[in-house]
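Spelled out, the chains give:
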Amino acid sequence: MPGKVLTPSPNWYCSRCCDCSSRGVLGFGAKNSIYLLDSSRGQPHLLGELAGHTERVTGFTFSHHPGQTDTCASTSDDGTVKVWDIQTRTVLKEHTAHQSPIAAVHWSPLEKELVVTGDEKGIVICWWYNRNETHHFFPEPRNIFCLSCSPHNGDHVAVGYRDGMIVIIDINRKGEVIHRLRGHDGEIHFLSWCPQLCDKGLFGHYDTTSETEGLNGELVKEDTAKDYFLASGSRDQTIRIWNSTNGKGVMTLKLPSLKRRGGTDLGIKERIWLTVLWSRTRVTQLISSSFGGELLLWDLTKSGKQKWTLLGSSSEGQNHSRIVFNLSSVCLQDNSELLFSTSMDRDVKCWDLNTLDCAWTQPTLGGFVYSLAFSPVNVGTLAIGVGDSMIRVWDTLSLQSAYDIKTLWQGIKSKVTSLCWHLAKEGTLAFGTEDGKVGIFDIYSNKPPQISSSYHRKTVYALAWGSPLPPITTGGDGDGPGMMLYSCAGEGIILQHNPWKLAADAQDINRLIRETNGITHKLPGRSELNWKPDGETLAIGNDDGSIEIFQAPRLKLLCSIQTHHKLLNAIRWHHGHGTQPDLGYLIASGSNSAVIYIHNLKTVLENPPDTPVTVTEPFRTLAGHTAKITSLSWSPHHDAMLVSACYDGSAQVWDVLKEEPLCNFRGHVGRLFGVQWSPVDADSVWTGGDDFTVRLWEVSKQEHTRPPKGKKAVEMDKKRANCSKLKSKKVKKRNEKGSGGQEEGNAESSTPKVASSRNGDADREEEEDCRNEAETPKLVNGISQTPEPLEEPRPQEIMGPSTPTTARSQTPPVRKERLKDKRERERAEAAMRKKKGRSALPLSTVNDHRSKDELHSDCVNLANILYSKESVGQSRPGSQEEIQLGLFVDRPALYRMFEEEGQNHLEAGHPEICYQLMLWKGDVRGALEMATERRELNDTLVAMAPMAGYAVWMKTIEAFCKQLCFQEQYVKAATYLLSIHKVYEAVKVLQSHQLFREAIAIAKARLQPDDPLLKELYTSCASVMEKDGHYTIAAKCYLTSKSPYDAAKVLAKKGDTASLKTAAEVASIVGEKELSSLFSSRCALDLLSLRNWLGAQEVLRPQESLLGQRLVLCTYELLYRYLANRDLVLWKSMNTPCYHNWTLLNDQPLINSVTAVWQSEFGITGDNAERLRIAHQQLRMTEHPEASSNTPTRLLMLHLSHEVSLAITCMLLSDWAQMVTVQLQAVRRCVNAGDFTLMQEISKIVQPEGTDFTSDLEVKLTGTDSLGLAALRSLQAFLCYGQVYELWWKLAKDRSGVSPPTVRQRSGTEEQPKMQRADGEEEGPQADGGRASPGLPAEASGLADATHEPLTAAGQLLARCACFLSHDHARLQALQRRTADVQRVVAELVSQHQLRPSEAEGAQESEPEPEQGVGPEPEPVENSPPNHRSSELPLSKEETNSMTTLMEQLRDITQQQSELPEGVKLYPFPDVVECCLVLLSISSLDRSILPCGLRDQAAALAQTYGTSRIHQRAVRRILREAV
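Residues numbered from 1 in each chain as written. Predicted model: local features only at pLDDT ≥ 70, side-chain atom pairs only at ≥ 80, totals over all residues. Heavy atoms only, no water.

Caption draft 1: The arrangement of a nonpolar patch on the surface in detail. A surface patch of nonpolar side chains, amounting to about 200 Å² of accessible area, comprises Val379, Leu397 and Val680. Structurally, the position occupied by valine 379 is in the loop between strand 32 (369-374) and strand 33 (381-386). (Patch = residues over 30% accessible without salt bridge, like charges linked within 9 Å, V, L, I, M, F, W, Y side chains within 5 Å. Areas by Shrake-Rupley, 256 points an atom, 1.4 Å probe, with all protein chains shown as cover. Salt bridge = Lys/Arg side-chain N within 4 Å of Asp/Glu carboxyl O. Helix = DSSP H or I, 4+ residues; strand = E, 2+ residues; numbered from the N terminus.)

See the structure below:
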């Protein structure tokens, strides 16, 4: 049994403040120390304490290297990092390199000398402690919250920050950031590395690069490398698994919402601290904390949503009841793994990860131990009252566990300062708290305690069960309780509570004492009470040091003990079962005087006197303590043996009869508050104090005999002596009078005066100072960094100044600077407190402090003025030299004094005191007028204005408002205007200075809802807000002012997708359907640019008028997916495409996929003719501009999707002519954009069956629609146009062996199959070796990919090429080229004419030089048709001599164009001359592939209509090579 200790609670809100060594020693930081528990024996055993830090311990870690298992490191708020030896409990090394609070620490698993720490400024320090070398790194300007060293690469450290960022740095490369892991939204609570290297696919599939960096720095192939993984827990309630090799996230785990008994309070934000730990023996398992203290075991390879298993689910009560802060584990020799956890519920738990059950629980304490009490019925049950608002009931004789403790917390809202067990009823425990409450617990029930309805005003310090006192009847046969509960608190009264009727008012026993003893004087304040074991005598201690002995039940005063002279803290009667019966009359008492007195009251009790007796001499005196006595306890096993607890930090055992000290216990660090002698072991004593511990120690094993000497008392004496020289004699005498002797004064000077709070005379300093610093918020730059107020606020406690420490290191420089700054702030605050207010009557006050003779003269003068009639008129008191007499004469004299004093204040620049004097004499109007004139009105003067009348009040308010406006205090001015009911003026003041919020608030509160001023305010506010860019506020104003259209417009001004979506929704709600459709369309297009088709469709879904656009987006999505699957990257984007599920229909032609999706998603079918016509009409109403080489790919695809959608609706409506026309537009758009590849793909899409499809269309259009037939021929020509180009590139490749260039993606400057020369002429295909010109695009698909395709197929293709060898189209294109030439010449003539000087009138016009492409005629070509030859030649010089000639040529060209068929002019057509040159080039490459008739027809067309020089040269060269 001896050696049991309840330690302080582990510190809260620290990322790593607990760790376990490889041999099973668990260490955790608690307050300023580290406590060590040996967990290898099955039950926890306290090994000791590492004391040396001066402030809260913030981090602790063990070294896990062989030979260093007893070495550990710790960090603290005192700025030090220490390395300890736990065997000797001494500091090996330390450093103070950090300049900011240290937030994280870890001992490197690979570097045996390396300790890594990080502080709140973002500094990471690597410390090789053996050689005392530190390296500083600053990877990110963020607040570090945790860090962890890699177990696989000694140079890698993972750092977690408060803002959710995680970085992995390389300390060998000066802290260079290797990876930034982004994903968390809240502070990173813990980082844990996977202990082993794992395969890439162990935790699922994820994207990686083709190569990864191996452990030795070399690049290894992806399929052979293993990666190392990192787990992170964050405040955002997620756990993320990261592949730290490539810096990518692998898995995200969301904390489950577990249903807990009793539920949660919806009004309180749920606390969260998410710490994680990777299992040492199972790499696929991860342990984490949860919301309410539960621990979860995650199986990372488990499929399904629930990857977790709850620890301790086999029975209730195993889990923590509040959030868990730290986890650590250790592997035992049998390959089992133990897990340790620390929590806000102040329990340290050990878990067996094989069974997932709790192996043992070590309770801890979170506050001062104020009271100890053993049950007189259930022997061995110890109740502990703690400052953390909880009671621990400890079964010290339990065989199941050495720490079988039950915690009582229900109904307790403050510190538990006193306890008392019922003397006969088992399990009944009374308690008193700091807030004055008295309650009774039944410890064997789970019910809340019964709380007395009578509260004390101050802290309850003493409780006792005793005999009932009148007027409450005594018990016996069930007519009343046999025992009553008595409580004594700091206000100095004792209340009697009826335990059967706690709801009734408690009785103040002072009333009975007065009635019984006939006392009329004031009774002393009560501070302590104790009943004699026989229940017939009550001893009460008072704040004046006296002890009064009363006889029950009438409380007759028997005697008064006057040996103490300071407040009584403890009174104890000797037990009655000693070997000597006379010892039962002994009573021990202890007070603030540090001396214990023993009195023998046998004579008084055996023969009660008629009148009270005063006892002045003690029976025995026990001296030796150096501070106040707080608790006493008689040994139940010995006669006259007493133990005392004292503020000097020790517990002393006394032989009372011999007045000798027997032994002294000094195991506590700080003051003691409670002591109890064990009822079952004669050699054991229990003590508790302000070091947050309860200790069991053996009397026979203590090395000290007497209490420690007061070393600090000597230092205080010296300090007091030095300070006393600077004080006045009066102050020195007052100090000497207040101290009760040298020893007592020393004792009190070294500790805070808790006793003075028992009678309510002073603040309880120790109650407010020492508290577990984990419960108090840390300040960073003056800003509270506590995550959130997680629980009800509680008083704080700090260690007293007498706290000794071992292995103490020197205060670091940083700490000294902090203390210096703190002292300077305290001096400044003290100076501010001491500064007195300015005197209102300085002149008269100065005259009353003159010399003694002058003061005597004043008395004579005053006597003459008041009592001598001869002096009337000779003096003028209250003015000039007799101003001081104004206070003592009549009112006119006083007014004169006020006038002179006021004038003095005005001259000194203190007019407010002058106004104050005027108010004193009742001149309110004068004070107001003067202040108004000087513009010095204030709130006090204005408040006095009603005293001068309504008119003055109104005038003053208006003047004050003008003054406030001049001082730019417009809101205050408006408030004062409201006080005189000038609402409109108040609103206008605010509106004119753009304080719209305040103006609107006042207007809505004071005006009618339909007042036009309200609409004006909202409109003005909206205009200003819109101008300043606050669009949402402006929209709210517009909505309120009944301008919903403007609200929607202003919301859309920002132009982002969220704003547009909101604007569309608002417009739809207010009935602006067209505007809503517009914004929805814009938003959908923006989402489309992000490749978010899901979002785009969702935005358009409510808009029925945008059905056509929804169909276009559907087609767009399918078209994009179709082209992307063919490795045609259309445009690059940082956003991942977001597709619908129906885009996976890739096993059928695109047209079929589109119609299927339309039918299933949009209800567009041929049967639903009405909906189909609506969609068709919407698509027809949308027009797009012509494409060019500068058209963005995204926009080009949108236009193509629109045309494909329109073609599909035409097909469903059987409008074949319109369908062909739209398909032709789509193909032509690709040609104009210069995207030959896209043209080929679009051609395959719109004509999925090739010639069969066109033949079928031709049959349907023949005889019904000539224009549709013309459009079909143009479409066929374009299809053949593309296929012929592919064949030409294939043949050129086969002949030259050089692949033609491949065009996969438009870059915005792609060239069409024909390209312009620098001189403006079109350049056709070359015939030199069959190679394409550099400007021609190429495609390695289709026929060009079919390297071994028989030439018969090519011949069949060329046989179909007659469709684009059209004389009408060739003639139209030649006329268009000639028109362009003529127009160019006309433009040059006009330009030259405009540049000609105006004064050269009548001068002969200069003839323009002919265009290079227009000048000489080409050489005649044989076999050219004569009927068209003359009209197609270039312009001659004679024809360009005048503008008239040019106009005639244009009219001639127009006439010839009008002769052509309408279908030829209406639809686009491939360049016939260009196609002829391609066919001739193919013939030159392989003469057998092109039929002779087709070749001759192509040559004739090229010679006839190829009028440019380059065309003529190309024709001659090709024909010459063919020969």
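Here the narrative resumes, following the displayed structure.
Caption draft 2: Spatial organisation of the pairing of strand 53 (residues 629-634). Taken across its six residues, strand 53 has six buried, putting it largely inside the fold. Where strand 53 and strand 54 (residues 641-646) come together, five bridges link them in antiparallel fashion. Bridging across to strand 54, serine 631 finds its partner in alanine 645. Hairpin connection, strand 53 to strand 54: the antiparallel pair is bridged by six residues, and alanine 640 has positive phi, about 55 degrees. (Buried < 20%, exposed > 50% of the residue type's maximum accessible area, 1.4 Å probe, protein only. Pairing = 2+ DSSP bridges.)

Caption draft 3: Structural detail: the sheet that holds strand 9 (residues 90-95). The strand order 6-7-8-9 describes an open sheet built from four strands, whose pairing is antiparallel. Because the sheet does not close on itself, it has two edges, and the strands there are strand 6 (57-62) and strand 9. Between one strand and the next, the sheet's axes are offset by a mean angle of 25 degrees, whatever the strand orientation. As defined by bridge partners, strand 6 adjoins strand 7 (residues 71-76) across five bridges and the pair is classed as antiparallel. Paired with phenylalanine 60 across the bridge in strand 7 is serine 74. (Axes fitted to C-alpha atoms, helices over the stretch in contact; angles between N-to-C directions.)

Caption draft 4: Quick look at the packing of aromatic side chains. Tallied over the full model, the rule gives 28 aromatic pairs. On the basis of an interplanar angle of 40 degrees and a centroid distance of 5.6 Å, the ring pair of phenylalanine 145 and tryptophan 273 is categorised as tilted. Of this pair, phenylalanine 145 sits in strand 14 (residues 144-149) while tryptophan 273 sits in the loop between strand 23 (248-254) and strand 24 (276-278), and the two are 128 residues apart along the sequence. Tryptophan 273 gets classed as buried once you look at its relative accessible area, which sits at 0%. Between the aromatic rings of tryptophan 193 and tyrosine 228, the centroid separation amounts to 5.9 Å while the plane-to-plane angle is 45 degrees, which identifies the pairing as tilted. Of this pair, tryptophan 193 sits in strand 18 (residues 188-193) while tyrosine 228 is found in the loop between strand 20 (219-221) and strand 21 (229-234), placing the two residues 35 residues apart along the sequence. Summarising the burial analysis for this pair, tryptophan 193 and tyrosine 228 share the class buried. By way of ring pairs, the aromatic residues Trp12, Tyr13, Phe145, Trp273 and Phe325 are connected into one cluster. Lying over the aromatic face of phenylalanine 619, arginine 620 brings its terminal NZ or CZ to 4.1 Å of the ring centre. The cationic tip of arginine 1121 hangs over the ring face of tyrosine 1139; the distance from NZ or CZ to the ring centre is 4.1 Å. (Phe/Tyr/Trp six-rings, centres within 6.5 Å; stacked < 30°, edge-to-face > 60°. Lys NZ or Arg CZ within 6 Å of the ring centre and 35° of its normal.)

Just geometry here; none of it tells us what the structure is for.
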